[in-house]
Amino acid sequence: MPVKRVAVIGAGVSGISAIKSCLDEGLEPTCFEGTNDIGGLWRYEEKSEVGRPSIYRSLTCNTSKEMTAFSDYPFPDNYPNYLHNSKMMEYLRMYIKHFELLKHIRFLVCSVRKRPDFSSTGQWDVVVDVDGKQEFYIFDGIMVCSGHYNYPYLPLKDFPGIKKFKGHYFHTWEYKNPEKFLGKRIAVIGIGNSGADVACELSHGAKQVFLSTRRGAWIWSRLWDNGYPIDTVLFTRFYNYINKWLTTSMINNWAENKLNSKFNHTDFGLQPEHRFLSHQPTFSDDMPNHIISGRLQVKPNVIEFTETTAIFEDGTEEEIDVVIFATGYTFDFPFLEDNLKNIDNEHTMYKFVFPPFLDKPTLAFIGILQPVGATIPTSELQSRWVARVFKGAKKLPSQKDMMVDIKRTRDKLDKQFLKSPRDTSRVPYVQYMDEIASEIDVKPNPFCLFLQDPKLALEVLFGPCTPYQYRLQGPGKWAGARTAILTQRERIIKPMRTRTLKCHQPPCSVLCWLLGNFAVVLIYR
């Protein structure tokens, strides 16, 4: 039987994991990348290019390295827990070199369309331009890994007067560094992660920064108790089990009280209109410090711009030199044929991966969801599932059953979250990872592990739910997974301990840690 050929569109983190997953399953991948290098979103360029992701020079990952790693390739132990974009690029290049993936990447722009006999073969035509000439290829499957940060959403129609504003206005997609904004009065519209980052960075040198928000936000810090990365503390199987027993109100109360203990969101002008679980929180370590020092002022929504000012909903008016829109992105897949370009505008993918209406399941979308956690592990696990479906080792349910699952997921999201682009494809990290892992029989069972390997079982249950857990068993099992899990705490601590101390504080015992967690459960039951 001939080896199946798979086209991977995009060489960012999702595309890289897709190539590797195809190779692991004995498929023949060819990755098409429209730029001249790998990395996608994480590759910093001095100039933004239309149709490509673009980041600012200071961008740092919001998820910690142990939770962000590929499942069979931990970050070096000396890497910091939260990675600057340059460090992330170093890691991606190391991964590509280690698994010899570069030879499968072609730096060419392509277009994709169904073959005339698609209904019987499920095959696709891929057309690329090479030196002004078109080349045609036939593939048995397509994995779309182009991401969803390519096309900035700029809702100018919602801001009367912006066209007559004499200052400069643009989207955060164009923002690179703060140098040209020294001494300026700046309005940042939107309080998502990018808006918070840019507003805080600019407030170091700007005359004044105003952060405008319609509904406020709950603000996370990257650090949790005792200075550990927040995702390594909260994203555990133990907490996941606890959450199943707690009501939404209990979790909201606990989270909101915890965040307000850091700083009072009402006093800082940030108190949102929604509960904690209803909308994606914003990461910012610096925002409360900039607010309390007066360098950053939180304002309500802008209702109108004049030639030189912004008028806010509370009736205040401020002189403004620059307006920066942190208003998100839109989905678009211009390389697909017309009837597929807007394929997920209604968010009707089966588990956010497979379109349910195709005659053959040979088109998959990787990494277009919004996990409350790291992107690399979710994209990688999606890719492993897709590769097994393309290979024929796993089958999808019937179209009817997929639509039932999609509706159930959609109803759950609509009930739980606000109607917002940031929440339409939001998934809880551990639950979603386990859901996809179950599709390919790689979900770990810590209770069964207790019978075989109690030490490992304790770390799987109570430690951070790191990607290595999904390499302990089943297809793609990795011999190094156990060691990676048992040494993950050492890799978290090592980059912080850059000064040798003569005496060390004894680590908290597992018993004390468990008692503390059960105390939390008892309080909020």
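Residues numbered from 1 in each chain as written. Predicted model: local features only at pLDDT ≥ 70, side-chain atom pairs only at ≥ 80, totals over all residues. Heavy atoms only, no water.

### Some details on the nonpolar core
So, point 1. Core analysis: the biggest nonpolar cluster contains 120 residues, and Met143, Met287 and Phe354 have the highest contact counts within it.
So, point 2. At 7 residues, helix H11 (residues 375–391) tops the list of elements feeding residues into this core.
So, point 3. Lining this core are residues from two domains, each supplying at least three of them: domain 1 (5–149 + 331–487) and domain 2 (152–329).
So, point 4. Not counting residues within four places of it along the chain, the set of residues in contact with Phe354 comprises Met349, Pro361, Leu363, Ala364, Trp385, Val386, Val389, Phe390 and Leu396. (Core = buried A, V, L, I, M, F, W, Y, C linked by side-chain atoms within 4.5 Å. Buried < 20%, exposed > 50% of the residue type's maximum accessible area, 1.4 Å probe, protein only. Helix = DSSP H or I, 4+ residues; strand = E, 2+ residues; numbered from the N terminus. Domains from an automatic or database assignment. Contact = heavy atoms within 4.5 Å.)

### Topic: the sheet that holds strand E20 (residues 363–365)
By definition, the strands of a sheet pair up through backbone hydrogen bonds, in either a parallel or an antiparallel sense.
So, point 1. If you walk across this open sheet you meet the 5 strands as E3-E2-E1-E7-E20, and the pairing is parallel. The strands lining the two open edges of the sheet, one partner per strand, are strand E3 (105–106) and E20. (Pairing = 2+ DSSP bridges.)

### Focus: the side chain of Lys20
So, point 1. As for its placement among the helices and strands, Lys20 is situated in helix H1 (residues 13–24).
So, point 2. Among the polar contacts made by the side chain of Lys20, one reaches the side chain of Asp24 at a distance of 2.9 Å. (Polar contact = N/O pair within 3.5 Å; in protein donor to acceptor, adjacent residues only side chain to side chain.)

### Quick look at the packing of H1 against H11
So, point 1. Running from amino to carboxyl end, H1 crosses H11 at an angle of 35 degrees, the nearest separation of the two axes being 8 Å. Note on packing geometry: the crossing formed by H1 with H11 is right-handed. For the pair formed by H1 and H11, the contact residues are Val13, Ser14, Ser17, Ala18, Ser21 and Cys22 on the first element and Ile376, Ser379, Glu380, Ser383, Arg384 and Ala387 on the second. (Axes fitted to C-alpha atoms, helices over the stretch in contact; angles between N-to-C directions. Left-handed = near helix turned anticlockwise from the far one by under 90°.)

### Some remarks on unusual backbone geometry
So, point 1. Of note, Lys351 is a non-glycine position whose phi angle comes to about 55 degrees, a positive value.
So, point 2. Take Lys351: it is sitting in the loop between helix H10 (338–341) and E20.
So, point 3. Of the residues examined, Lys351 reaches a relative accessible area of 8% and is grouped as buried.

### Considering the packing of helix H7 (residues 237–245) against helix H15 (residues 454–462)
So, point 1. Contact geometry of H7 with H15 gives a least axis separation of 5 Å together with a crossing angle of 55 degrees. Classed by the angle they form, the pair H7 and H15 counts as oblique. Together, Arg237, Phe238 and Tyr241 of H7 and Val460, Leu461 and Phe462 of H15 make up the contact between the two elements.
So, point 2. Within the contact of H7 with H15, the residues separate by chemical class into 5 nonpolar, no polar and 1 charged. (Parallel < 35°, antiparallel > 145°, perpendicular 65-115°, else oblique. Nonpolar A, V, L, I, M, F, W, Y, C, P; charged D, E, K, R; others polar.)

### Some remarks on the sheet that holds strand E5 (residues 124–130)
So, point 1. Taken in spatial order, the 3 strands of this open sheet run E4-E5-E6, and their pairing is antiparallel. In this open sheet, the two edge strands, each paired with only one partner strand, are strand E4 (110–114) and strand E6 (133–139). Neighbouring strand axes in the sheet, compared pairwise and without regard to direction, differ in orientation by 25 degrees on average.
So, point 2. Bridge count between E4 and E5: 5 bridges; the pairing is antiparallel. Pairing of Arg113 across the sheet is with Asp125, part of E5.

### Things to note about the domain arrangement of the protein chain
So, point 1. Assigned domains of the protein chain: these are domain 1 (5–149 + 331–487) and domain 2 (152–329).
So, point 2. Taking only C-alpha atoms, the centre of domain 1 and the centre of domain 2 are 28 Å apart.
So, point 3. If you look at the interface, domain 1 gives 50 residues, while domain 2 gives 35 residues.
So, point 4. Between domain 1 and domain 2, a total of about 3500 Å² is buried, with carbon and sulfur atoms accounting for 50% of that surface.
So, point 5. Of the charged contacts in the structure, one is a salt bridge between Asp434 and Arg237, with a shortest N-O distance of 2.7 Å.
So, point 6. Summed over the shared surface of domain 1 and domain 2, the number is 24 residue pairs in polar contact (both at pLDDT 80 or more).
So, point 7. Only helix H13 (429–439), helix H14 (446–452) and H15 provide two or more residues apiece to the side of domain 1 that touches domain 2.
So, point 8. Examining the composition of the side of domain 1 that touches domain 2, we find that 4 residues originate from one element, H13, more than from any other.
So, point 9. Residues that form the side of domain 1 that touches domain 2 fall into these classes: 25 nonpolar, 15 polar and 10 charged. (Buried area = accessible area lost by both parts, 1.4 Å probe. Salt bridge = Lys/Arg side-chain N within 4 Å of Asp/Glu carboxyl O.)

### Focus: the environment of Thr121
So, point 1. With respect to the element layout, Thr121 can be found in helix H4 (residues 118–121).
So, point 2. Here Thr121 falls in the partly exposed class, since its relative accessible area comes to 33%.

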